[in-house]
Amino acid sequence: MREYEKTGILSLKDLQIPTKKQLEKGVAILECVQEIPCNPCVDSCPVHAISMKDINAPPLNDFDRCIGCTKCVGVCPGLAIFVVKIKDDKAWVTLPYEFVPEPKKGTVVKALDRTGNVRGNALVTKVIKQGKTHVVTIELESGLAMDIRNIRVEV
Amino acid sequence: MRVNGIPNVRTCIAPLKEGITVEMQEKLAELPDAIFSGEPTKTLNIDVLIVGAGPAGLCAAIESATQGASALLVDENQCVGGQLVKQTHKFFGSKQERAGTRGIHIAKELEQELQNLQHQGKIQLMTDATVIGYYESEKKHRFGVVKRCEYQSTLYDVRCDAVVLACGAMENMLLFPGNDLPGVYGAGAVQTLMNVYGVKPGDRVLMVGAGNVGLIVSYQLLQAGIAVDRVVEAAPTIGGYNVHAAKLRRCGVPILTSHSIKEVYGDGKVEGAVVVRLDEHWKPIKGSEENVACDTICLAVGLTPSTRLLSQIGATLEFIPEAGGYVAVHDASMQTSVKGVYVAGDASGIEEASTAMIEGKIAGLAAAIQLGRSKNKKLLAEYRNELSQLRAGPFGEKPRIAKEKIAKHAEVHHA
């Protein structure tokens, strides 16, 4: 039994992790590790970086090919794709967000990790809408980039 | 419950109108004689009757009609879509199954296809109507259908060559002290309240069950601004997809496996619950009780296929635990042991909406082929292939086993 089957929380060792150089340009981290019948991320990728053996296989990202365009983030039905870019001491995480109030560019939000713990503040640098999913980019300190996977908009 | 003198009414889906009388009903009720008087029974002759306008029934009706069979689609609700109308999350699957589209939008797309076929005179739609029973007939299948309209009801005598029963399923209840207190809901009821009617079921919820339904509804509760205290799951692992569990966890909602609900307490309504940890034999561990302050209990502990009409028709039923209970034995074309009687969706074994839609297409197409309206056996094979692909992964194991068992029974009965 894997730990996440009990807790619901993935750890970094469950994931495909990019190199420092790949993170510098920004790449999509696919937090989708189980065999579930789903493939919209593959269709959404404009550079064919995301691939799948068959519809049930977990998706794999070719980080060298991935351009970090964030198109897959708003497409994934499981809200399980995050684009991470790390440069020096700063990082940008692009994540899907489906709550109100919608985050506004230029505002500061709480940055939450995979267990929902608040780990610091983040600045919203970009918000685009893909259907009813907000694709939100936040800026934060680089040390948190691989941990922060959610935000909370304080009212 | 009795509504305007009519007994056995499902008040949860009865439309609220000025001057309506809703009463508690004591045990079995008598049908008032006067209810169908004044208006003669109307007879309808059609090729295929489809019962239930959820994902399976909608697809079956659209497929039958597209293939040239005249179809009548009946649903007891006010609108079509079944469970889709409250599924605000994006669907999984591939492009063919409309992956990435929200259930509510799939309902709209299917409704549009239905309306196009209605305009062409290929489908008749009857909402707010109930199929009340199956009747003797020499050549055709014959059903009584009650169509409600304001305070008048009309009885239809529907005669058809084939019928697709896509009646869906009922939510399972759990036994524990206090389970009859107001505030104890099925997950489907909570979803209807908040996503269809826009009514908050409560302020703080304890979710029981970490299958996909429990996880998805928990997330939708958060989206509606309702707190979810925790999710308890009796099994040692989370049953639903990790991506759904991860969404909840990063919002700070704990998911406790090997935990169950012991009792619910409150004065006239839910005021809290006691949860307990289970050992490896699923027995409660003494001293592990924990109090949870909440005003709503949401039960997401599985579904049971609706087979009452199938049973009345005389279709062979078998108890298949992996299918959720008694289901009609059916072949790969979704035909039951009774010629011309098809089944699709949750009524044929509990699964999910993507596979229900394909099963509906298979049943609708197979019925049209049986009636000589279509010869497209190649398309039938394509649909079957799509279905087996969706069931190929580990999460498709349970329905796969269920369908294999059903197929074995079908062979035995056939021989």
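Residues numbered from 1 in each chain as written. Chains lettered and ligands numbered in written order. Predicted model: local features only at pLDDT ≥ 70, side-chain atom pairs only at ≥ 80, totals over all residues. Heavy atoms only, no water.

### Description of the pairing of strand β4 (residues 71–74) of chain B
In regular strands, side chains alternate between the two faces of the sheet. Residues and elements named next belong to chain B. Using the following cut-off: The classification of residues rests on relative accessible area computed with a 1.4 Å probe and restricted to protein chains. Under 20% of the type maximum is buried, over 50% is exposed, and intermediate values are partly exposed. The helix and strand labels rest on DSSP assignments: H or I over at least four residues marks a helix, E over at least two residues marks a strand, and numbering proceeds from the N terminus. Pairing between strands is defined by DSSP: at least two bridges between the two strands are required. The handedness rule is simple: strands pointing away from the viewer, and a clockwise path from the first strand over the helix to the second, make the crossover right-handed.
What you see with β4 is no split at all: Ala71 and Leu73 on one side and Leu72 and Val74 on the other are buried throughout. Here strand β3 (residues 42–51) runs beside β4; their pairing, made up of 4 bridges, is parallel. The partner of Val51 across the bridge, within β4, is Val74. Crossover connection from β3 via helix α1 (residues 55–66) to parallel β4: handedness right-handed. By the bridge criterion, 4 bridges tie β4 to strand β5 (residues 123–126) in an arrangement that is parallel. What sits directly across from Ala71, in β5, is Ile123.

### Quick word on the interface of chain A and chain B
For interface size, the figure often reported is the accessible area lost on association. Selection criterion: Here, two residues are considered to be in contact whenever any of their heavy atoms come within 4.5 Å of each other. Buried area: the accessible area, evaluated with a 1.4 Å probe, that two parts lose upon being put together, summed over both parts. Counted as salt bridges are all cases of a side-chain nitrogen of Lys or Arg within 4 Å of a carboxyl oxygen of Asp or Glu. Side-chain atoms alone can form a polar contact between residues adjacent in sequence; in general such a contact is a pair of N or O atoms within 3.5 Å, and within protein one must be able to donate a hydrogen while the other accepts it. Amino acids outside the nonpolar list (Ala, Val, Leu, Ile, Met, Phe, Trp, Tyr, Cys, Pro) and the charged list (Asp, Glu, Lys, Arg) are all regarded as polar, and Gly is one of them.
Listed per partner, the contact involves 39 residues of chain A and 33 residues of chain B. With both sides pooled, the region where chain A packs onto chain B buries about 3000 Å², and carbon together with sulfur makes up 56% of that total. The largest share of the area that chain A buries against chain B comes from Pro37, Pro77 and Phe99 of chain A, three residues that together contribute 18% of it. Taken together, chain A and chain B are joined by 1 salt bridge. Where chain A packs against chain B, one counts 18 residue pairs in polar contact (both at pLDDT 80 or more). Among the secondary structure elements, those contributing two or more residues to the side of chain A that touches chain B are α1 (3–7), α3 (40–44), β6 (108–113) and β9 (148–152) of chain A. The greatest single-element share of the side of chain A that touches chain B, amounting to 4 residues, is contributed by α1 of chain A. Residues belonging to the side of chain A that touches chain B are distributed by class as follows: 18 nonpolar, 11 polar and 10 charged.

### As for the packing of aromatic side chains
For clarity, the threshold we go by: Any pair of Phe, Tyr and Trp rings, taking the six-membered ring for Trp, is counted once the centres come within 6.5 Å. Such a pair is stacked with planes under 30 degrees apart, edge-to-face with planes over 60 apart, and tilted for the rest.
Going through the model one piece at a time under the given rule, you end up with 6 aromatic pairs over all chains. Their ring planes at 70 degrees and their centres at 5.3 Å tell us that Phe99 of chain A and Tyr219 of chain B sit as a pair that is edge-to-face. Here Phe99 of chain A, found in the loop between β5 (90–97) and β6, pairs with Tyr219 of chain B, found in helix α4 (residues 212–223), and the two come from separate chains. Looking at Tyr219 of chain B, the relative accessible area reads 6%, which means it is buried.

### Some points on the confidence of the model for chain B
Definition in use: What pLDDT expresses is the predictor's confidence in each residue, scored from 0 to 100.
In this model, chain B carries an average pLDDT of 94, and 96% of its residues clear a pLDDT of 70 or more. In the model output, the complex is listed with pTM 0.95 alongside ipTM 0.98.

### Remarks on the sheet that holds strand β10 (residues 184–186) of chain B
All names here are of chain B. Stated precisely, the cut-off is as follows: Note on method: axes are straight lines fitted to C-alpha atoms, helices fitted across the in-contact stretch only, with angles between N-to-C directions ranging 0 to 180 degrees.
Spatial ordering of the open sheet is given by β10-β17-β11-β12-β13, a layout of 5 strands whose pairing is parallel. Only two strands of the sheet have a single neighbouring strand rather than two, namely β10 and β13 (255–257). Neighbour-to-neighbour, the strand axes of this sheet turn through a mean angle of 20 degrees, independent of strand direction. Against the sheet, helix α3 (residues 187–196) makes contact with β10 and β17 (296–299), and its axis sits at roughly 90 degrees relative to β10, the strand it touches most.

### A look at the pattern of salt bridges
Residue and element names in this part refer to chain B. For the structure shown, the criterion picks out 25 salt bridges over all chains. For Lys200, the salt bridge goes to Asp203, with nearest N and O atoms at 3.3 Å. Asp203 gets classed as partly exposed once you look at its relative accessible area, which sits at 48%. Where salt bridges share partners, they join Arg204, Asp229, Arg230 and Glu290 into one cluster.

### A few points about the environment of Ala28 of chain A
Residue and element names in this part refer to chain A. In this structure, Ala28 sits in strand β1 (residues 27–30). Here Ala28 falls in the buried class, since its relative accessible area comes to 2%. Non-local contacts of Ala28, meaning those with residues more than four positions away in its chain, are made with Asn61, Phe63, Cys66, Cys72, Ile81, Phe82 and Val83.

### Focus: a nonpolar patch on the surface
Residue and element names in this part refer to chain B. Note the following rule: A patch is a set of surface residues, each over 30% in relative accessible area and not in a salt bridge, joined within 9 Å for like charges and within 5 Å for the nonpolar side chains Val, Leu, Ile, Met, Phe, Trp and Tyr. Accessible surface area values rest on a Shrake-Rupley calculation with a 1.4 Å probe, where residue burial reflects the displayed protein chains alone.
A grouping of Met1, Val22 and Met24 is seen on the molecular surface, where their side chains present a nonpolar patch of about 300 Å² in accessible area. Note that Met24 resides in the loop between β2 (22–23) and β3. With relative accessibility at 68%, the residue Met24 sits in the exposed group.

### A word on the side chain of Gln191 of chain B
Residue and element names in this part refer to chain B. By secondary structure assignment, the location of Gln191 is in helix α3. Exposure remark for Gln191: the relative accessible area of 6% places this residue in the buried category. A polar side-chain atom of Gln191 sits 3.5 Å from the main-chain carbonyl oxygen of Lys86. Ignoring sequence-local partners within four residues, the contact set of Gln191 consists of Lys86, Gln87, Val196, Val217 and Gln220.

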